Amino acid sequence: MKKILRIDLSKRQFVFEDVSTAYATLGGRGLTSKIVSEEVPAKADPLGKDNKVVFAPGILASTPAPNNGRLSVGAKSPLTHTIKETNAGGAAAQKLARLGIKAIVVENIASELTMIKVSKGGVSFQSAEALKGKGNHEVISRLKAEHGEGVAIISIGPAGEQLLSAASVSVTSPDFAVRMAARGGIGAVMGSKKLKALVIDDAGTGEVEVNDKEKLRQAAAALSKGILSHPLIEGLRQLGTPVLVMMMNGLGGLPTKNYSLGQFEGAENISGEFMVQTMAKRPNSKAVHRCMQGCIVSCSNIYTDEEGKEIVSGLEYETVGLIGSNCLISDLDDVARINRLCNDLGLDTMEVGASIAVAMEAGLLPWGDSKGAYALVEEVGRGTEKGKMIGSGCLVTGQKLGVKRIPQVKGQSLAGYDPRVLKGTGVTYATSPMGADHTCGNAFPSPANPSYDPTASTGQAIVSGFLQCYNAAIDTLGMCLFPALPLLDIPELQKFLIACAIAVTGEPFDENYLLKLGAFVLNTEKKFNQAAGFTNKDDRLPEFFVREQLPPSGLIFDVSEEEIDTALRF
Ligand code: SF4
């Protein structure tokens, strides 16, 4: 029987609680949002003792269902001041599931920097003062040496310790690469609790409990086969997520020069194609890599320098878009090095990229100055005023530097898709309970749905609302979004995913399970935000997306406010 592990850091106490009926069929984002909404006062200080940080594997974690190992991390966000869930791949979620843990709820504030170890034997607490100020790479290396190769490590870097709102949570992959639950500053919530790291050790555990193993095996096999038949998967495997660089550039929606252009003349040099050609010439680079056991897509990579030394794993589209084209930086090695530094300091590369571009717009450093950008991020590690500004996100950076064009919603920076070209994504940026977040519902053009026009000024709210429901359900199952995309083009595959959930839980979910689950999660999150004081006036894109025509298309974001307000009415 799975348990909730509740940890009181101030007393160094823990208890394993039975799972209430209300939580029984939830996992991942659904569970973190349910717990945060019930246990954290909506108006709580995100960095105060009343906030809690919740770690939850999804419903399907560590089962034969494909790509099931995302770890959700939830809290009230110091960046958006909304409820927040951010998730990452890696090994931690599957290990927690094997330990029979449905969620870890961390409460209160430790008296010193602390590391928690969770294993079959229980929970132990250890001082982490020796890791104070250390970057994620050193933390991971030291904890791996101390606890062995079989553990997963969740940690924060100096940005989290400094309580900066762009601080991320690092989760190790099976080969100890850094994956990031990047968004919303949840690393700062860990820092506010003086929680430097968790070590998850599943030694001595067996398979997770499932209701019907044979039905699960059959449904998972049919689901995997269907996913692999979709052409998108081959593109992701060959070029990784940077496959999107040339696609978004072609659509005229690649964020460029602080979202003032939709195409970047240096796009080819930061493209997936260029990345793969570069890696082919470099020792130890890997264009195909997976961040978790059971991944059937392998979109990740290991990007090395000319000597074969790893710079970063993996180099992703969002980082390339926000730190590359959006800052007019066209040297992929430089982007990768800034990515590594952000990973080490424990920073969201998207938020940092948006902050640097805003700083470039203010004239703090020249456009395209990759060395200056690297030096600016280094200042985060040194705790200087400029470092604190960049590490607090693009809204704070823009306000401090007097910049009017700040690409954020509810305090969180937009991702790598200009909303004037992908207007359904624009509605998601505006209305998501999480702030501007592409993983909540990214509306792409699709050959399977030729009648959908992402540039049309009407019909976007219904698309965004549907996708936000679907993605909230996928985040609750703990599945990676990439293998979930083919299920949108081939809806009959959804029945195999639902069959997996039925086989795991024994619940009689119907064909509308995913949308009903997603609507439940979104309504839970919206209710929290409303109690925190948010209204539909907060569900708006910055004015410049509405007023400024985006070259070369000349498009503006012209979805009406009346339509935007219907997106999450379920
Ligand atoms: S598809 Fe990519 S992000 Fe998803 S689990 Fe596999 S390697 Fe990780």
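Scroll up a little and you will see the structure.
Residues numbered from 1 in each chain as written. Predicted model: local features only at pLDDT ≥ 70, side-chain atom pairs only at ≥ 80, totals over all residues. Heavy atoms only, no water.

Examining the environment of A336
Using the following cut-off: Counting from the N terminus, the helices are DSSP H or I runs at least four residues long and the strands are E runs at least two residues long. Partly exposed residues are those whose accessible area sits between 20% and 50% of the maximum for their type, while under 20% is buried and over 50% is exposed, using a 1.4 Å probe and protein chains only. Contact between two residues is taken to exist if any of their heavy atoms lie within 4.5 Å; hydrogens are not considered.
Take A336: it is sitting in helix 12 (residues 332-345). On the basis of relative accessibility, which here comes to 0%, the residue A336 falls in the buried class. The spacing of A336 and L26 is 310 residues in sequence and 37 Å in space, taken between C-alpha atoms. Not counting residues within four places of it along the chain, the set of residues in contact with A336 comprises Y303, I311, V312 and L315.

Regarding the sheet that holds strand 11 (residues 178-181)
Sheets are built from strands that pair by backbone hydrogen bonding, the pairs being arranged parallel or antiparallel. Just so we agree on the cut-off: We call two strands paired when DSSP finds no fewer than two bridges between them. Axis lines are fitted through C-alpha atoms, for helices just across the contact stretch, and the angle between N-to-C directions can take any value from 0 to 180 degrees.
Here six strands make up an open sheet; going across it, the order is 8-7-12-9-10-11 and the pairing mixed. Every interior strand has two partners, whereas the edge strands, strand 8 (122-127) and strand 11, have only one. Strand-to-strand twist in this sheet, taken as the mean axis angle between neighbours without regard to direction, amounts to 20°. Pairing of strand 7 (residues 114-119) with strand 12 (residues 195-201), which is carried by five bridges, proceeds in the parallel orientation. If you follow M115 over to strand 12, its bridge partner there is A197. This element, helix 4 (residues 136-147), spans strand 7, strand 8, strand 9 (151-155), strand 10 (169-172), strand 11 and strand 12 of the sheet and lies at about 150° to strand 9.

Section: the sheet that holds strand 5 (residues 83-88)
Spatially, the six strands line up as an open sheet ordered 2-1-6-3-4-5, and their pairing is mixed. The sheet is open, and its two borders are formed by strand 2 (13-18) and strand 5, each paired with just one other strand. Mean inter-strand twist for the sheet, computed between neighbouring axes without regard to direction, equals 20°. The pairing of strand 3 (residues 53-57) with strand 6 (residues 101-107) spans three bridges and is classified as antiparallel. Residue pairing in the sheet places F55 in a bridge with I104 of strand 6.

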